[in-house]
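Commentary on secondary and tertiary structure
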Amino acid sequence: MIAKAAGIATLLFAVATSVAAQEQVLNLYSARHYSTDEALYSNFTKATGIRIQRVDADDAGILARLKAEGSASPADVILLVDAARLYKGDVDGLFRPVKSRVLDDAIPAQYRSAPSAEGTTWFGFSTRARVVVYDKVKVKREDVDTYEELADPKNKGKVCLRSGSHPYNLSLFGAVMEHTGEQQAEAWLKGIVANMARDPKGGDTDQIKAVGSGECQIAVSNTYYIARLLRSTAPEDKALMERVGVVFPNQQTWGTHLNIAGGAVAKNSKNPANAVKFLEYLASPEAQNYFANGNNEWPTARGVKVNNPALQAMSGGGDFKAETIPLAAVGANTVKVQQMLDRVGFK
């Protein structure tokens, strides 16, 4: 009896070990800290049987961790926010080039890295427009309907922004440099500094609130922060958004700048096939709709329609002209932009 019981126990242990060994796990390093993304991960697991094991950190922390771990890194997939950060991870050699017809067909070329013979290193899965917000009582819409006007002397003492070195602004400034050239871009940054109502501080939501409180009259924000306030039921948020106007700049020229959130397969991934499968899932209509409705972002995949009332309201029905320059080029410009910021005294 004892021998029989021992045999059964050994068999059960062997079965459990075999099941554990067969379980597929994907290690995800994510800078996306949005609770709505949980549905993305759980639905991927339901569809594929691959369990997501996640490490959350900010973008800089993830890049630093990957460098420190080197070839021993367990990371399979990396999710980062902003073209500047994706560019940095790429040039630091932290991504593995992949070839995927699914991703190439779904994601337009301007929303992914430039391809090489080995493949493409990163793909953008959602965007946020970087728009101008203004005090509807004190500022005319036509005085802030281009990025160039942020530096116009008519807006002296009216502008507030977050740090110029924040990746959201670095990408915007890098896009302006791509459109205008280095000399004009630096003169523009100098003009913005001259128009500041106060020193840069806080995040995007803080800039919107500063406009609402009268601390300044013009600011810049990513659209998903604005959408959160528009969807809020708090009386103070409703009052704020009644006072603040939103402009999608440069509709008559190159279009409004887009910030991007994207993903890549880690260079030292032990599960590259499943990592690619996960990226392909993020480009699917199901996942793209989570980005749009869960976190108020615009999908990048071709043919995906947005049904988010807040996004549609702020953009006049959802249609606006967006810039089409490659975001990889925008990321590449940020090193020079940082040098410009230092020269013009943009903190």
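Coordinates for the structure precede this section.
Residues numbered from 1 in each chain as written. Predicted model: local features only at pLDDT ≥ 70, side-chain atom pairs only at ≥ 80, totals over all residues. Heavy atoms only, no water.

1. Let's talk about unusual backbone geometry
Heads up, the rule is: A simple rule labels every residue: compare its accessible area, found with a 1.4 Å probe on the protein chains alone, to the largest value its type can have, and call it buried under 20%, exposed over 50%, or partly exposed in between. Numbering of helices and strands runs from the N terminus; a helix is a DSSP stretch of H or I covering at least four residues, while a strand is a stretch of E covering at least two.
Of note, the phi angle at D82 is positive, near 105 degrees, even though the residue is not glycine. Take D82: its relative accessible area is 0%, and that puts it in the buried class. Despite not being glycine, N250 shows a phi value in the positive range, around 60 degrees. With respect to the helices and strands, N250 occurs in the loop between β8 (244–247) and β9 (258–266).

2. Considering the nonpolar core
Operational definition: Among buried residues, the Ala, Val, Leu, Ile, Met, Phe, Trp, Tyr and Cys ones that are joined through side-chain atoms within 4.5 Å form a nonpolar core. We call two residues in contact when some of their heavy atoms are within 4.5 Å.
Ranked by internal contacts, the top residues of the largest apolar core, which has 76 residues, are F125, I208, F278 and L282. Those residues in contact with F278 that sit more than four places away from it in its chain are L26, L28, Y41, F44, I52 and V77. In terms of nonpolar packing, the next biggest core, distinct from the first, is built from 28 residues, Y147, V159, L172 and V344 among them.

3. Considerations on the state of the cysteines
Here is the rule: Pairs of cysteine sulfur atoms within 2.5 Å are what we label disulfides.
All chains considered together, the criterion is met by 1 disulfide. Disulfide pairing is shown between C160 and C216; the S-S distance is 2.0 Å. With C160 in strand β6 (residues 159–160) and C216 in the loop between α8 (204–213) and β7 (218–222), this residue pair connects regions lying 56 residues apart in the sequence.

4. Comments concerning the pairing of strand β1 (residues 24–30)
Note the cut-off: With strands facing away from the observer, any crossover in which the path from the first strand over the helix to the second runs clockwise is taken as right-handed. At least two DSSP bridges between two strands are needed for those strands to be called paired.
Within β1, 6 of the 7 residues are buried, which leaves it mostly tucked inside the rest of the structure. What joins β1 to strand β2 (residues 50–56) is helix α2 (residues 37–48), and the crossover it makes is right-handed. Where β1 lies against strand β3 (residues 77–81), 3 bridges are found, and the strand directions are parallel. Its bridge partner lying in β3, L28 is registered against V77.

5. Details of the pairing of β7
Most of β7 sits inside the fold, with 5 of its 5 residues counted as buried. Here β7 shows a buried face lined by I218, V220 and N222 and a second buried face lined by A219 and S221. In this sheet, β7 lies alongside strand β5 (residues 123–135) in antiparallel orientation, the contact comprising 5 bridges. Opposite V131, over in β7, you have S221 as the bridge partner. With 2 bridges joining them, β6 and β7 adopt parallel strand pairing. Bridging across to β7, V159 finds its partner in I218.

6. Topic: the packing of aromatic side chains
Worth spelling out the cut-off: A pair of Phe, Tyr and Trp rings is counted when the ring centres sit within 6.5 Å of each other, with Trp represented by its six-membered ring. The angle between the planes then sorts it: under 30 degrees is stacked, over 60 is edge-to-face, the rest tilted.
Summed over all chains, the structure comprises 11 aromatic pairs. Between F44 and F278 the ring centres are 5.0 Å apart and the planes differ by 80 degrees, which places this aromatic pair in the edge-to-face class. Of this pair, F44 sits in helix α2 while F278 is found in helix α11 (residues 272–282), placing the two residues 234 residues apart along the sequence. Grouping aromatic residues by their ring pairs yields a cluster made of Y41, F44, F278 and Y281.

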